[in-house]
Each structure stands twice: as structure tokens, then as C-alpha cells.
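If you want the building blocks of each chain, they are given just below.
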Amino acid sequence: MRRDFTRLLPELRAFARFLTRDQAAADDLVQDTVVRALASQHSFEPGTNLKAWMFTIQRNAFYEQARRRQRERRVMDEQRPEAVSEPPQAIGRARVSDLQRLLWTLPPLLREALVLVGAQELSHEQAAAICGVPVGTMKARVSRARAQLAQAVRVADGERQEGDAAPD
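Predicted model, so just to flag it, every value in this text is computed and none were measured. (Residues numbered from 1 in each chain as written. Predicted model: local features only at pLDDT ≥ 70, side-chain atom pairs only at ≥ 80, totals over all residues. Heavy atoms only, no water.)

## Digging into the pattern of salt bridges
Between side chains of opposite charge, a pair can form as their charged atoms come close.
Right, on to step 1. Using the criterion set out here, one finds six salt bridges in the structure.
Right, on to step 2. Two residues, E11 and K51, come together in a salt bridge whose shortest N-O distance is 2.4 Å. Here E11 is found in helix α1 (residues 2–20), whereas its partner K51 is found in helix α3 (residues 50–69), with 40 residues between them in sequence.
Right, on to step 3. Under the relative-accessibility criterion, K51 is labelled buried at 15%. (Salt bridge = Lys/Arg side-chain N within 4 Å of Asp/Glu carboxyl O. Helix = DSSP H or I, 4+ residues; strand = E, 2+ residues; numbered from the N terminus. Buried < 20%, exposed > 50% of the residue type's maximum accessible area, 1.4 Å probe, protein only.)

## Some details on the packing of aromatic side chains
Right, on to step 1. For the coordinates displayed, the defined rule picks out six aromatic pairs.
Right, on to step 2. Measuring from centroid to centroid gives 4.8 Å for F15 and F55, while their planes differ by 0°, and the two rings are stacked. With F15 in helix α1 and F55 in helix α3, this residue pair connects regions lying 40 residues apart in the sequence.
Right, on to step 3. Residue F15 is classed as buried on the basis of its relative accessible area, which comes to 0%.
Right, on to step 4. Between F62 and Y63 the ring centres are 5.2 Å apart and the planes differ by 65°, which places this aromatic pair in the edge-to-face class.
Right, on to step 5. For F62, a relative accessible area of 1% translates into the label buried.
Right, on to step 6. For Y63, a relative accessible area of 22% corresponds to the partly exposed category.
Right, on to step 7. Through pairs of rings, three or more aromatic residues link up here, namely F15, F18, F55 and W104. (Phe/Tyr/Trp six-rings, centres within 6.5 Å; stacked < 30°, edge-to-face > 60°.)

## Re the environment of A66
Right, on to step 1. Structurally, the position occupied by A66 is in helix α3.
Right, on to step 2. In this structure the C-alpha to C-alpha distance between A66 and T20, which are 46 residues apart in sequence, comes to 9.7 Å.

## Comments concerning α1
Right, on to step 1. In the structure, α1 departs most strongly from a straight axis at L8, where the bend amounts to approximately 45° and where the proline P10 lies between one and four residues downstream.
Right, on to step 2. When we look at burial in α1, the residues that qualify are F5, L8, L12, F15, A16, F18, L19 and T20.
Right, on to step 3. R21 lies just past α1 and shows a positive phi near 60°. (Bend = angle between axes of the 7 residues up to and from the residue.)

## Here we look at the packing of α1 against helix α2 (residues 23–39)
Right, on to step 1. Interaxial distance between α1 and α2 falls to 8 Å at its minimum, and their mutual angle equals 140°. As summarised for this structure, α1 and α2 are arranged oblique, according to the angle between their axes. Taken as a pair, α1 and α2 cross one another with a handedness that is right-handed. In contact with R2, F5, L9, L12, R13, A16, R17, L19 and T20 of α1, α2 contributes Q23, A25, A26, D27, L29, V30, T33, V34, A37 and L38. (Axes fitted to C-alpha atoms, helices over the stretch in contact; angles between N-to-C directions. Parallel < 35°, antiparallel > 145°, perpendicular 65-115°, else oblique. Left-handed = near helix turned anticlockwise from the far one by under 90°. Contact = heavy atoms within 4.5 Å.)

## Focus: helix α7 (residues 124–131)
Right, on to step 1. If you check which residues of α7 are buried, you get A127, A128, I130 and C131. Down the axis of α7, the smallest arc covering the buried residues is 160°, so these residues share one side.
Right, on to step 2. Positive phi shows up at G132, right after α7, with a value of about 70°. (Arc of directions from axis to C-beta.)

## Topic: unusual backbone geometry
Right, on to step 1. At R21, a position not held by glycine, the phi torsion is positive, near 60°.
Right, on to step 2. Its place among the elements puts R21 in the loop between α1 and α2.
Right, on to step 3. Here E121, not a glycine, exhibits a phi torsion of approximately 55°, which is positive.
Right, on to step 4. Position of E121 among the secondary structure elements: in the loop between α6 (108–119) and α7.

## Remarks on the confidence of the model for the chain
Right, on to step 1. Residue-level pLDDT values for the chain average 81, and 77% of them are 70 or greater.
Right, on to step 2. Element-level pLDDT for the chain is lowest in helix α4 (residues 75–78), with a mean of 46, against a maximum mean of 93 in α2. (pLDDT = per-residue confidence, 0-100.)

Following this line, the structure appears as C-alpha cells:
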């Protein structure tokens, strides 16, 4: 089982980086996740999805830590990335930066659903188990997240085109 934990470390780290938005905090969260998983390995049911089980532990650890800190503002909104100025020739990087910024405009539950299903390539069932919601709820969250993100991209593209237009 420890070998399986080791294989999941890159994915756990990626999810932790998404949650914390900080490399050091992500490393701490992964370490906490592995320690908790090792302490609870007797409760893992062989034949079930280890990745989903570990992600559930990691997610619960993250929210437990967030509650403990008792931030005045919601933890996820507080960690919004700051605007990064990109050189004009780096259009591809600018689009990724724009998409990242727009992703953080989504409500936290929708953003989390989209990252789990989209970026982490979990099934709706696995993501639902991690978040402790019915599969239909997870599917609805992913659908709403995609729709809101697509609308935000259209709005951003419209604003960019208006800003590029030469004055009369």
C-alpha cells in the first residue's frame, strides 16, 4: 500500500497546490494527508479507489485546517492569484493566465468540481465521493462550472476586443 501512496504523490501534490495556492502549504498538506492515510490504512477497503480515498483525506484535512485558521474571508477567495503582467508576445501564456484568473471567479464548490473532474481526471462518481455529495449534484456542479467559465471567457474576450478598438 505504501508503494501505491508513493505513486499518487504527484497527483496529491497537484491537488494540494490547487487547494492551497502555495507550494510550501501544499507540501505540508500532502505530508499531513500521507500521515493520516497511513494511520487510517486499516479503514481502506481493498478493491476500492485509492486515489479517491486519498483525495478525500486531503480535502478533509484542507478544510479542517481552514476552519482552524478562522479566516475573516473565505479561504478560497482569499487565495485568488494576483494579476500577472505578461509580455505581448506571450499570448498563449496570457490566455492561460486569463483562464486561471477566470477559474478563480467561480464559486468555490463549482471550481472544486471542475478541477476534480477536469484537471484531476476523476470520474463524476469519484469526485462526488470525495466531496460527500450525490453523483447528480457533482454532475450539476461541473456543468454549471463549465457554463459559467464559458460565459466568463466570452465576456473577457468581448472586453479585450473593445479595449483593442481604436478610438474614432
